[in-house]
Amino acid sequence: MNVPTYSLAERDRRWALAREIMEAEGVQALIAYGEHECADLAPFAPDVYFTNDRPGAIVIFCRDADPIELTWSTLPIADHIQALRRGEELWMPPERIRVAKHAAGVVEVLREHRLESAAVGVLGLDPYPPFHINPIMPHGLWNQVLAELPDVEFKPVGLSYLFATICQSEEELAVVRHSAATGDAMAEAMVEAARPGASEADVYAAGMAAAFRRGLAAPDMLLSSGPGFISWGPPAWSYRPQAPRVIEDGDVVMAEVFCRFGMKETQHQVAIAVGEVHPDIELGAKVARAAYEAGLAAARPGNTFGDLVEAMRAPLEEADAWNVHPLVHTLNPMGPVCGFGAGLRRLPEAARYGRLFEVPTMGGELPLAPGMTFAFEPNAVIGDRLTNLGGTVVIGEDEPVELNPLTAQLLRSRP
């Protein structure tokens, strides 16, 4: 297998972007807080963007100096030593890595560079949808930093980071394509496994195994099955003690499959008809496909993310359908996301709940540009039945590039 990797030229390009963010924001340092390792979906990991190394660090750029990486324990150090022994090309030299992912470590670095009265940009003080609607920076850590450095002007710079990094380089796009190809392999394995008598766990395992055999991280999977449903999330048996559901003839199996390679993520919407499914499922697939095609038509430079969202909503509105989850959102990094949740009020049971909140479209003003990656996940509820399909799409110079046309349709279980 031809596996893409990152070069030192890619490192230098990213470090130059950090300098550009600092200059644009008028700051003398940049702190990138990274979520702890082993986070599942959509991890907040600007630290890895700059280190190409194990997640869960704080990376600090100070003036013109090379960055310093603060790790949470000696375990990343041991990994780094082992990689050096193997002759692997690493981005961070040992002298720039410290076991100091805490407030004192951050303060020490800024004081060493005489930045006690400077303006400092921070990645970690902005919301990061979909899972971090509130900033991810730990309250205790940050309060201590503020107490130790009262004269520093700390400035959230998440939006600048989004604009600087969302258009992928050629090396990054090669990594994205590798991940997308694995998503197709996972979908094909799931189609083979989705038969009457098999369980949801069998289908889940088949998809995950296909990723692992190719050396990719598949952090999790959303999956449901049945003759019709409006739920969307991880299988209930992954968080509640109960047996996986057994698939029957006439079911539809739907999943949102996640692949991650080199911390670049692709997403794949798998919908598998097992035998003859309800007509509302078939109609929902047509509506979702129409939304997908409308999105492709709008996914061009010159349009905004808001234009893309409105184009994909139109087929649902025409069919009087609604979407359970977003129709589209950015990838690499996550950020702008299509609104969802309003249609839940149509369900008679919804009135029993204390408060319902529609997630609005966020980032509609983002201009589309070549190299951006998006999760196209059009989904339509007809009656009480959800149908979901789609995959990863890249904004091209003129036309969008579909990386996963396989899953942009209702798949059929093979007898």
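Residues numbered from 1 in each chain as written. Predicted model: local features only at pLDDT ≥ 70, side-chain atom pairs only at ≥ 80, totals over all residues. Heavy atoms only, no water.

The name an unreviewed UniProt entry assigns to the protein is M24 family metallopeptidase, from the organism Nonomuraea bangladeshensis.

**Brief notes about the packing of aromatic side chains**
Tallied over the full model, the rule gives 11 aromatic pairs. For the ring pair F44 and Y128, a centre distance of 5.0 Å and an interplane angle of 75 degrees mean the geometry is edge-to-face. Taken as a pair, F44 in the loop between β1 (29-33) and α2 (46-51) and Y128 in the loop between β5 (119-123) and α5 (139-148) lie far apart in primary sequence, 84 residues in all. Classification of F44 as buried rests on a relative accessible area of 8%. With a relative accessible area of 13%, Y128 lands in the buried category. Here the aromatic rings of Y49 and F50 are separated by 5.3 Å at their centres, their planes lie at 85 degrees, and the arrangement is edge-to-face. The ring of W15 has R11 sitting right over it, with the charged end atom 4.7 Å from the ring centre. (Phe/Tyr/Trp six-rings, centres within 6.5 Å; stacked < 30°, edge-to-face > 60°. Helix = DSSP H or I, 4+ residues; strand = E, 2+ residues; numbered from the N terminus. Buried < 20%, exposed > 50% of the residue type's maximum accessible area, 1.4 Å probe, protein only. Lys NZ or Arg CZ within 6 Å of the ring centre and 35° of its normal.)

**Some details on the packing of helix α4 (residues 103-112) against α5**
Packed helix pairs are specified by the crossing angle of their axes together with the interaxial distance, meaning the distance between the axes. For the pair α4 and α5, the least separation of the axes is 8 Å and the interaxial angle reads 35 degrees. As for the relative orientation of α4 and α5, their crossing is right-handed in sense. Contacts between α4 and α5 involve A103, A104, V106, V107 and R111 on the former and, on the latter, L141, Q144, V145 and E148. Residues that form the contact of α4 with α5 fall into these classes: 6 nonpolar, 1 polar and 2 charged. (Axes fitted to C-alpha atoms, helices over the stretch in contact; angles between N-to-C directions. Left-handed = near helix turned anticlockwise from the far one by under 90°. Contact = heavy atoms within 4.5 Å. Nonpolar A, V, L, I, M, F, W, Y, C, P; charged D, E, K, R; others polar.)

**With respect to the environment of H36**
In this fold, H36 is placed in the loop between β1 and α2. The spacing of H36 and A57 is 21 residues in sequence and 7.5 Å in space, taken between C-alpha atoms. Those residues in contact with H36 that sit more than four places away from it in its chain are G56 and K101.

**Considering the sheet that holds strand β11 (residues 373-376)**
With respect to topology, 4 strands assemble into an open sheet ordered β10-β11-β14-β15, the strand pairing being antiparallel. Two strands close off the open sheet at either side, each with one partner strand: β10 (328-331) and β15 (401-402). Two strands pair when backbone bridges link them, and strand β14 (residues 391-394) and β15 are joined in this way by 2 bridges, in the antiparallel orientation. When the bridges of β15 are listed, V393 appears paired with E402. Running over the sheet, helix α10 (residues 305-318) touches β10 and β11 and is turned about 145 degrees from β10. (Pairing = 2+ DSSP bridges.)

**Side note on the nonpolar core**
Across soluble globular proteins, you tend to see nonpolar side chains buried next to one another. Residues I31, F50, I60, L110, V145 and F154 are the most contacted members of the largest nonpolar core, which totals 50 residues. Elements represented by at least two residues in this core include exactly α1 (8-25), β1, α2, β2 (58-62), β3 (68-71), α4, β5 and α5. Beyond its immediate stretch of four places on either side in the chain, I31 contacts I58, V59, I60, V106, L110, V120, G121, V122, L123, W142 and F154. If you look at the next biggest cluster of nonpolar residues, it comprises 30 residues, including A288, A380, V393 and A408. (Core = buried A, V, L, I, M, F, W, Y, C linked by side-chain atoms within 4.5 Å.)

**Notes on helix α9 (residues 279-298)**
An ideal rise of 1.5 Å per residue puts 28 Å on 20 residues; α9 measures up with 29 Å between its terminal C-alpha atoms. Looking only at α9, the buried set comprises I281, G284, A285, V287, A288, A291, Y292, G295, L296 and A298. (Expected span 1.5 Å × (residues − 1).)

**Considering α4**
All of the buried residues along α4 are A103, G105, V106, V107, V109 and L110. Positive phi shows up at R114, right after α4, with a value of about 55 degrees.

**Quick word on the pattern of salt bridges**
Inspection of every chain in the model, using the stated rule, returns 20 salt bridges. Put simply, K155 and E25 hold a salt bridge, and the shortest N to O gap is 2.9 Å. Placement of K155 in strand β6 (residues 153-156) and of E25 in helix α1 is noted, with a sequence separation of 130 residues between them. With a closest N to O distance of 2.8 Å, R98 and E112 form a salt bridge. Highlighted residues: R98 in strand β4 (residues 97-99) and E112 in helix α4, separated in sequence by 14 residues. Note on E112: relative accessible area 43%, which makes it partly exposed. (Salt bridge = Lys/Arg side-chain N within 4 Å of Asp/Glu carboxyl O.)

**Regarding the pairing of β14**
Where β11 meets β14, 4 bridges bridge the pair, whose relative direction is antiparallel. Each bridged residue has a counterpart across the sheet, and for F374 the counterpart in β14 is V393.

**A look at the UniProt feature "domain: Peptidase M24" (unreviewed entry) in the protein**
When the UniProt feature table is mapped onto this chain, "domain: Peptidase M24" (unreviewed entry) is found at residues 177-382. For the annotated span residues 177-382, helix accounts for 32% and strand for 18% of the residues, and the straight-line distance between the end C-alpha atoms is 33 Å. (UniProt positions renumbered as here; feature names shortened; annotations may be inferred.)

**Digging into the packing of α9 against α10**
Contact pair α9 / α10: the axes reach a minimum separation of 8 Å and the direction vectors enclose 155 degrees. Relative to α10, the element α9 is oriented roughly antiparallel. By crossing handedness, the relation of α9 to α10 is classed as right-handed. Of the residues in α10, those in contact with V287, A290, A291, Y292, A294, G295 and A298 of α9 are D307, L308, A311, M312, P315 and L316. In terms of residue class, the contact of α9 with α10 is built from 11 nonpolar, 1 polar and 1 charged. (Parallel < 35°, antiparallel > 145°, perpendicular 65-115°, else oblique.)

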